[in-house]
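The lines below spell out each chain.
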Amino acid sequence: LLGAQAVPRSATGAAAVAPLPKGPRAMVLGDWYRVVNVSSPAVSPDGKRVAMTVTRAVESENRRHSEVWVVNTAGGEPQRWTAPSTESSTPRWSPDGKYLFFASTRAGGRGNTWAIRLDMPSGEAVQVPEYPTGSMPTDGSFAVFTDAAVPAPQVPSADPFNTMPAMARPPFDAITRPAAAARFDGRHVVDMNYKNNGTGFVPGRRVPRTWRPQQLFRQSVGDTSKKQITSTAYSHRGAVVSPDGKWVAFIADARLRSDSVADLERDSLARLPYDKVRDEAERNDADIYVIDANGGTPRKVIDWMGAESALTWSPDGKSLAFIGRPVRTKSARIYTVSVAGGAPRNLLGDWQYEPSDMDWLSTGAIQFTADIGGRSALLRADLTGKTAPKELVGGRRQLRGASYDAAGKIVAYTATSMTKPTELFVANADGTGERQLTSFNKDVNADVVWSDADRFTYKSVGNMEIEGWLMKPYGYEAGKKYPMVIYIHGGPHSAYGEGWFDEFQNLAAQGMFVLFTNPRGSSGYGADFTYSTRGRWGMEDYDDLMKAVDIVAARPDVDSTRMGATGGSYGGFMTTWMATKTTRFKAIQTDRTITDWTYWYGASDAQGLTEFEFYGKPWDNQALYDTLSPIRYVNKVKTPMLIVQSEEDHRTPMGSAEIWFMSLKKQGVPVELVRYPRSNHDLSRTGEPWLLVDRLGRLRQWFSHWLIGKN
Ligand SMILES: CSCC[C@H](NC=O)C(=O)N[C@@H](CO)C(=O)O
């Protein structure tokens, strides 16, 4: 059942790939490489085609490969439109339907925007500098976009440190210097943001701090010249041009202060100790403005407390819609406001859930997608705001990336459910007439019996309703007992849901129940639920998790003496926290873990999270940072633990794992630490395929060893 595949190397260095047995059967590790992901659907303006990104693993080369594919909305076989030899993704059609643009870094061009011509098919991708990227009016004659007008400051070519590795150079305001430039290749840091989980180490500035405010530009189709239409000390964000092309709406500082003033104020406030009145007050950092599309003086449309995003014009050009969040701890809503000004109208009222994105269709309807707990749906808002939004496409699955034709008649989206990896779907914009357009996963679905999960809800502390799922083990037979592993998600503000997930399938294939829930603190249930754990991490959310364990452990088909727990990031914290509080689990796996919040504050690239959640910095509230840190109670741990950590994880750095490993070793608790090279916080999602699959294999082995007694 383990299905671990040796990766033999041929004489050329490429790995040979062993053939997999035909199904129906349980998932083996090699099946991971066969699952295809579909994303970024884009419907052509005439509604006849949908372009999408199709991503597969190339097992023999230990990499992923993305291409742009196109399928007719009327049906038929999807076709590959980009070369297999290059990476291509995120397609979008030009409004006149002449080009299919996509992102690709390929030789022989400038920038990464390429296009396939539909008016003169040639097979080769081209670059079209005379076709601008940005927001366009209905006639598609020009585009408005934002960019910096001043060039990035250059380091003088005579800089004596130019030959050093970027991280080794002394930053601009450093006091110390290398004894000899050629003899120091370390890292010299003076700025706070010197590492980032995605990009790695970030070299310091070699020049004084400068600001490059984002200005509005316009470019006509057929012309390569770009006209700058603003010249201000503040940045313009989210710019959208009105349907008639006369106006541009944008988001900017509420007082139109220069970027430097706003940044320096933010930096100064960030250094102050936590202050309830100041830090919990609603803020008005940004507002919505309109400006003539040829430039001039902007006019403020509304003074609105909170943060605005997803600015969109109504088809008649008389109103604007936006997603607004009054304050971090309140739910985002969709608002409309007259361009002339006035009070914005809340279209979602006190509806529990939050919009993810929004489209104002040419038919006049406002449609959006939203997470509704663990599922997601396509909905239509009531323009009067009097009734709750109407669900158009939903069910027990997750929909992403809704895209419409110009007439607002057709919608395409990707969908996945517990036993079905993503595929592309299309429907009428009102949700009727849904059709599946792709079957990229047909073969793997035919071979592998993906396990399904039952959804349940339960009441926890304070009568709060929690959503959970129990996935059946592969080969489940009534009357038998099976081990169970609980999976705990990270964030803590993220969620598990109604989608195919490699990690759950991996353990279910081993003959285990997989339990997963969205305890309080999860996203997808409205902001009150999301922020109900503020200052209380590991308290009631721990109870929510353990209540689910109680419910499942009482089932006759679950062997409550063979239970395990696993989780990553905040879920990694929670698994170490659990290890200090209960001995109910026979084995635990902790992934990208956090065991000491003060260490995490100093070592992570995201410490702003605990500044908010723990009401200040460690020295503002040291007792909270300490009492919620598993390391304080590590002497209570008895449960065998597998620790998995990535060497280049700047989000949850290695120190937490190291101290946990050492503490368990010193106490004689069985523990293994697996450290993955060339990997960051996202190893389990976007990491190198061989390492990602190696990790899945170790989870199988760890829980099989402790819960089933085999390896
Ligand atoms: C409070 S620990 C923060 C770690 C991280 N949060 C944000 O980046 C986390 O828990 N991440 C989750 C969700 O993305 C993960 O699974 O990695």
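Each value, and the rule that gives it
- Residues numbered from 1 in each chain as written.
- Predicted model: local features only at pLDDT ≥ 70, side-chain atom pairs only at ≥ 80, totals over all residues.
- Heavy atoms only, no water.
- UniProt positions renumbered as here; feature names shortened; annotations may be inferred.
- Helix = DSSP H or I, 4+ residues; strand = E, 2+ residues; numbered from the N terminus.
- Buried < 20%, exposed > 50% of the residue type's maximum accessible area, 1.4 Å probe, protein only.
- Polar contact = N/O pair within 3.5 Å; in protein donor to acceptor, adjacent residues only side chain to side chain.
- Contact = heavy atoms within 4.5 Å.
- Pairing = 2+ DSSP bridges.
- Near = heavy atom within 4 Å.
- Nonpolar A, V, L, I, M, F, W, Y, C, P; charged D, E, K, R; others polar.
- Core = buried A, V, L, I, M, F, W, Y, C linked by side-chain atoms within 4.5 Å.
- Salt bridge = Lys/Arg side-chain N within 4 Å of Asp/Glu carboxyl O.
- Phe/Tyr/Trp six-rings, centres within 6.5 Å; stacked < 30°, edge-to-face > 60°.
- Lys NZ or Arg CZ within 6 Å of the ring centre and 35° of its normal.

Below, the discussion takes up the UniProt feature "domain: Peptidase S9 prolyl oligopeptidase catalytic" (unreviewed entry) in the chain. Per the UniProt annotation, the sites labelled "domain: Peptidase S9 prolyl oligopeptidase catalytic" (unreviewed entry) are residues 503-707. For residues 503-707, the helix share is 44%, the strand share is 17%, and the end-to-end C-alpha distance is 17 Å.

Turning our attention to the side chain of T422. Position of T422 relative to the elements: it lies in strand β27 (residues 420-428). Given the relative accessible area of 13%, T422 is considered buried. Of the polar contacts made by the side chain of T422, one reaches the side chain of N37; its length is 3.1 Å. For T422, the residues in contact, after removing those within four places along its chain, are V36, N37, V38, A415, T416 and N441.

The strand order across the open sheet built from four strands is β1-β2-β3-β4, with neighbouring strands paired in antiparallel fashion. Pairing within the sheet leaves two strands with one partner each, and these edge strands are β1 (37-43) and β4 (79-80). With ten bridges joining them, strand β2 (residues 49-58) and strand β3 (residues 63-72) adopt antiparallel strand pairing. Bridge assignment links T55 to a residue of β3, and that residue is S66.

Taken together, 13 residues form the shell around the ligand, and within it G491, S569, R592, H681 and R685 come nearest. At a separation of 2.5 Å, an oxygen atom of the ligand approaches a polar backbone atom of G491. Of the residues that constitute the shell around the ligand, the class distribution is six nonpolar, four polar and three charged.

Core analysis: the largest hydrophobic core is formed by 74 residues, its most contacted members being M484, I486, L515, F516, F585, W597 and W660. Element by element, the count of residues in this core is highest for helix α6 (residues 540-553), at seven residues. Among residues more than four places away in sequence, those in contact with M484 are F513, L515, V549, V552, V558, R562, M563, G564 and L707. Grouped together as the second largest cluster of nonpolar side chains are 17 residues, Y353, M358, A377 and L379 included.

The subject of this paragraph is the environment of R698. Among the secondary structure elements, R698 is positioned in helix α13 (residues 689-708). Given the relative accessible area of 30%, R698 is considered partly exposed. The sequence separation of R698 and V644 amounts to 54 residues, and the corresponding C-alpha distance is 9.2 Å. The residues touching R698, leaving out its near neighbours within four places in the chain, are L642, V674 and Y676. Within the structure, R698 has its side chain in polar contact with the side chain of Y676 (distance 3.2 Å).

Going through the model one piece at a time under the given rule, you end up with 45 salt bridges. Across the pair K300 and D303 runs a salt bridge, and its minimum N-O distance is 3.0 Å. Of the charged contacts, one joins D591 and R592 as a salt bridge, the two residues approaching to 3.2 Å between their closest N and O atoms. The exposure class assigned to D591 is buried, which follows from its relative accessible area of 4%. On the accessibility criterion, R592 (11% relative accessible area) is buried. Among the ionic contacts, a cluster of salt bridges with common partners joins K22, R25, D31, R34 and D447.

Let us now look at the packing of aromatic side chains. Following the criterion strictly, the structure yields 43 aromatic pairs and no others. With centroids separated by 5.0 Å and ring planes inclined at 70 degrees, the aromatic side chains of W537 and F614 adopt a geometry described as edge-to-face. With W537 in the loop between α5 (527-530) and α6 and F614 in the loop between α9 (608-613) and α10 (622-627), the pair connects residues that are 77 residues apart, well separated along the chain. Exposure class is identical for W537 and F614. Each is buried. Ring centres of W597 and F614 lie 5.7 Å apart, and the angle between their planes is 85 degrees; on these two criteria the pair is classed as edge-to-face. Here W597 is found in helix α8 (residues 597-603), whereas its partner F614 is found in the loop between α9 and α10, with 17 residues between them in sequence. Accessibility classification places W597 together with F614 in one group, the buried group. Taken together, the ring pairs connect W537, Y570, F573, W577, W597, W600, Y601, F614, W619, Y625 and Y633 into an aromatic cluster. Lying across the ring of Y476, K472 places its NZ or CZ 5.0 Å from the centre. In this structure, K581 packs its charged tip against the face of Y542, placed 5.3 Å from the ring centre.

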